[in-house]
Amino acid sequence: MEFAELIKTPRVDGVVLHRPFMPTVEGTLCLTGHHLILSSRQDNTEELWLLHANIDSIEKRFVGSLGTIIVKCKDLRVIQLDIPGMEECLNIASSIEALSTLDSVSLMYPFFYRPLFEVIEDGWQLFVPEEAFKDLESMVLFYPWNETTLFGLPKEDEEDNIALWSAESAFTVDEAVMMRAAQPLTGTNGRRCKEDEKLINATLCAGKRGYIIDTRTIAVAQQAKTRGGGFEQEANYPQWRRIHKAIERSNVLQDSLIKLVEACNDQSHSMDRWLSKLEASNWQSKVKEILTTACLAAQCIDREGASVLVHGTEGTDSTLQVTSLAQIILDPACRTIRGFEVLIEREWLQAGHPFQQRCAQSAYSNGKPRSEAPVFLLFLDCVWQILRQFPCSFQFNENLLIMFFEHAYASQFGTFLGNCVAERVKLQLSQKTVSLWSWVNRPQELERFLNPLYEPNNLVIWPSVAPQSLLLWEGVFLRWNRSTKCLDEACQEMVHIIEYNKELQNKVNSLRRQLAQLETEDSPLQTP
C-alpha cells in the first residue's frame, strides 16, 4: 500500500491553528504518510509536527464554506484547525482518519524514521537477561536452586496443561526474593503441578516464610477456576500465605481515564462540581490501591525478610505495576535514570506488557474499547506520587515520566511497538528501528531529565497513601489546560539558584582546602 493512496488533499493554504494558551497561527497544512505539519511564515513561530499515530479522534464542524477539525491526541492535547473550503476540510479529515488507524505495525513511523543524531549507544542492549542472570549466580550457590529453576522456565506439563511460574525477574534483598507470575491453571478439579510447587517452595530457606500477593479479589480468583485458572492451594504451599489485594482489571481503567480527562477538560462547573467529577472517575483510588499493594510487597521483604510472589490473571498488567513500584521503594538504583530505564525494560517490555494493545487508544477515542487500558500511565502516575513525596531521592524529574507516557502511545522509536518480546523479534525491531534509550541517554538529552535536588539515598522510602498525600498529576492531566509560563520560569529560576549554591559551595570547599594546606606549610617542623 502507498501512503499517497490515503492522502486525498496533501496541502492546504490559509489554515488557522488554535491551541490553548498559545497564539493563533496561520499557515500551510501538509499531510505526509506519518505527520500532520503546519508551517507559517510568521516570525518566531514554531512548526507543528504531529504524528498521525498520536491522533486519538477528530471532530468535524462546518460554518458556511469554512470547515473546522478538532484534533484530539493520545497525549491528551486538543488542537483546532480552521480550513477554508468544505471539500478540502472533508478530504483532510478523511485522510487523517485513515492514516491514524493503520493496522500494519510495519507501516508505522519507527520503521521509516532515520535519526539526525549519531547513535552512540545501542539502546537495544540496555538490558540483556543473560548478562543480568550472571549477577544472580551467587544466589544459585546460596539457595537450594539450580540453574534450571532459577534462570529457565521448566517445560509445560502437557498432560495437565499447567502453566508454570516464571521466576525470570527475581529481585533479591538479603535472603528474600520477589517474583512475578501469571495465575496457576488449577481449574475446578484442583489440578496440581509438582514442578511448580518445587520451584516456589525452593525459593525459601529453612525456617523462612513467603507471601503470595494475588491482585484479584477472592471472588474473582474463585471464578477464574471455571475458566481453567485459579490460585495456589495452601496445603501444597505450606510455607506460603496467600493475600488478596484487589486491583481493578484493565478494562475498568480505560473508563476511569476517560472520566478523569473529561473532568479535567470541563471548566464550566464550580470547584465543588469539578472535584465531584474528579472523585467520580476513581482514578486516585486506583493510584492508592496500587501503591498500597506495592508497599505491602516491599514491607514483607524489608521488615520480615520474607519472599514474595505477585500475580493476578495474566501477570502482565497489575502484577508489573506492583513489582516495579516495590523495587523503586526498596532499591535506590531504580531511582536513577539508568536504573529506571532498566526497570521499564525488564519489568514491562521484556515481561510481556502488551503495549501495542493497551496504548492503541487513549481518552478521546470514539471506538469501542477492546484491549486498551492506561496500565502503564497509571504506573507512571504512582511513580510521580513517590517522586513528589521524596523530591531529593530521584535522579530524574517529572519530565522523564511524561516523556515515557508520550512515547508509549506514539513515537518515532521502536521500543514500545509490539506486545511481547516474540513479536519484537519477529518484527526485527532491533535491526529496523532505533531504540528510545539510544536517544534518551545522549548527554544533551539527559540534561532536561535531571533532578537538580537529587542526593543519593540508599534507604528504603515509604510513600504515604493517605488521601491528602495523593494529588492529581497536573503535569499530564492539566498540561494543556493551563499556561505553564510562570511554572516554567519558576523551575528555571530554582535550577539557577541550586546551581549557584553548588558553585558557591565548591568555592568554599576549595578555600578550605587551600587554608588547610597553608596551615600545614606554616606549622613548625615536629622533631622527635
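Residues numbered from 1 in each chain as written. Predicted model: local features only at pLDDT ≥ 70, side-chain atom pairs only at ≥ 80, totals over all residues. Heavy atoms only, no water.

Per an unreviewed UniProt entry, the protein chain goes by Myotubularin-related protein 9 and derives from Cyprinus carpio. Turning to the protein chain, the UniProt record has this under Sequence similarities (unreviewed entry): "Belongs to the protein-tyrosine phosphatase family. Non-receptor class myotubularin subfamily." (UniProt positions renumbered as here; feature names shortened; annotations may be inferred.)

Of the regular secondary structure elements, the protein chain holds 20 helices and twelve strands. Looking at the protein chain residue by residue over its 528 residues, the buried ones come to 50%. Expressed as a percentage of contacts within the protein chain between residues at least 6 apart in sequence, the contacts between residues at least 24 apart total 70%. Here the protein chain has roughly 26400 Å² of accessible surface; of this, 51% comes from carbon and sulfur atoms. (Helix = DSSP H or I, 4+ residues; strand = E, 2+ residues; numbered from the N terminus. Buried < 20%, exposed > 50% of the residue type's maximum accessible area, 1.4 Å probe, protein only. Contact = heavy atoms within 4.5 Å. Areas by Shrake-Rupley, 256 points an atom, 1.4 Å probe, with all protein chains shown as cover.)

This next bit is on the packing of aromatic side chains. Using the criterion set out here, one finds 18 aromatic pairs in the structure. Both rings, one in Phe 340 and one in Phe 379, keep their centres 6.2 Å apart while their planes meet at 15°; by these two values the pair is stacked. Here the residue Phe 340 occupies a position in helix α11 (residues 337-349), and Phe 379 occupies one in helix α13 (residues 375-389), the gap between them amounting to 39 residues. Take Phe 379: its relative accessible area is 0%, and that puts it in the buried class. Put simply, the rings of Phe 340, Trp 348, Phe 355, Phe 376, Phe 379, Phe 394, Phe 396, Phe 404, Phe 416 and Trp 437 pair up and form one aromatic cluster. We note Arg 346 situated over the ring of Phe 127; from NZ or CZ to the ring centre the distance is 5.8 Å. (Phe/Tyr/Trp six-rings, centres within 6.5 Å; stacked < 30°, edge-to-face > 60°. Lys NZ or Arg CZ within 6 Å of the ring centre and 35° of its normal.)

Right, let's get into the packing of helix α9 (residues 283-304) against α13. Each packed pair of helices is defined by two parameters, the angle between the axes and the distance between the axes. α13 packs onto α9 with a crossing angle of 75° between their chain directions and a minimal axis gap of 10 Å. Viewed along their axes, α9 and α13 adopt a mutual orientation that is roughly perpendicular. Listed contacts from α13 to Trp 283, Gln 284, Lys 286, Val 287, Ile 290 and Leu 291 of α9 are Leu 377, Leu 378, Asp 381, Cys 382, Gln 385 and Ile 386. The residue makeup of the contact of α9 with α13, split by class, is eight nonpolar, two polar and two charged. (Axes fitted to C-alpha atoms, helices over the stretch in contact; angles between N-to-C directions. Parallel < 35°, antiparallel > 145°, perpendicular 65-115°, else oblique. Nonpolar A, V, L, I, M, F, W, Y, C, P; charged D, E, K, R; others polar.)

Moving on, we get to helix α7 (residues 250-265). For α7, with 16 residues, the first-to-last C-alpha span of 23 Å sits near the 22 Å given by 1.5 Å per residue. Of all the positions in α7, only Ser 250, Leu 253, Gln 254, Ser 256, Leu 257, Leu 260, Val 261, Ala 263 and Cys 264 are classed as buried. Where the residues of α7 are buried, they touch α8 (271-280), α9, α12 (355-358), α13 and α19 (474-477). (Expected span 1.5 Å × (residues − 1).)

Turning next to helix α1 (residues 86-99). In this model α1 runs 20 Å from its N-terminal to its C-terminal C-alpha over 14 residues, within 8% of the 20 Å that 1.5 Å per residue would give. Among the residues of α1, Cys 89, Asn 91, Ile 92, Ala 93, Ser 95, Ile 96 and Leu 99 are the ones counted as buried. Along its buried surface, α1 packs onto β1 (11-18), β2 (25-31), β3 (35-39), β5 (55-63), β6 (66-73) and β7 (78-84).

With that out of the way, let us pick up the pairing of strand β12 (residues 307-311). Of all five residues making up β12, five are buried, and the element is well covered by its neighbours. Alternating positions in β12 separate into two faces, Ser 307, Leu 309 and His 311 on one and Val 308 and Val 310 on the other, with burial throughout. Where strand β9 (residues 176-181) and β12 come together, four bridges link them in parallel fashion. Its bridge partner lying in β12, Met 179 is registered against Leu 309. In this structure, strand β10 (residues 210-214) lies alongside β12, joined through five bridges in parallel fashion. What sits directly across from Tyr 211, in β12, is Val 308. (Pairing = 2+ DSSP bridges.)

The next subject is the nonpolar core. Most often, soluble globular proteins keep nonpolar side chains buried together rather than apart. If you look at the biggest cluster of nonpolar residues, it comprises 89 residues, and the most contacted ones within it are Leu 325, Phe 340, Phe 376, Phe 379, Phe 404 and Phe 477. Residue contacts for Phe 404: discarding those within four places in its chain leaves Phe 340, Glu 341, Ile 344, Phe 376, Leu 380, Phe 416, Leu 436 and Trp 437. The next biggest cluster of nonpolar side chains, apart from the first, holds 26 residues, and it includes Val 15, Val 25, Ile 58 and Ile 83. (Core = buried A, V, L, I, M, F, W, Y, C linked by side-chain atoms within 4.5 Å.)

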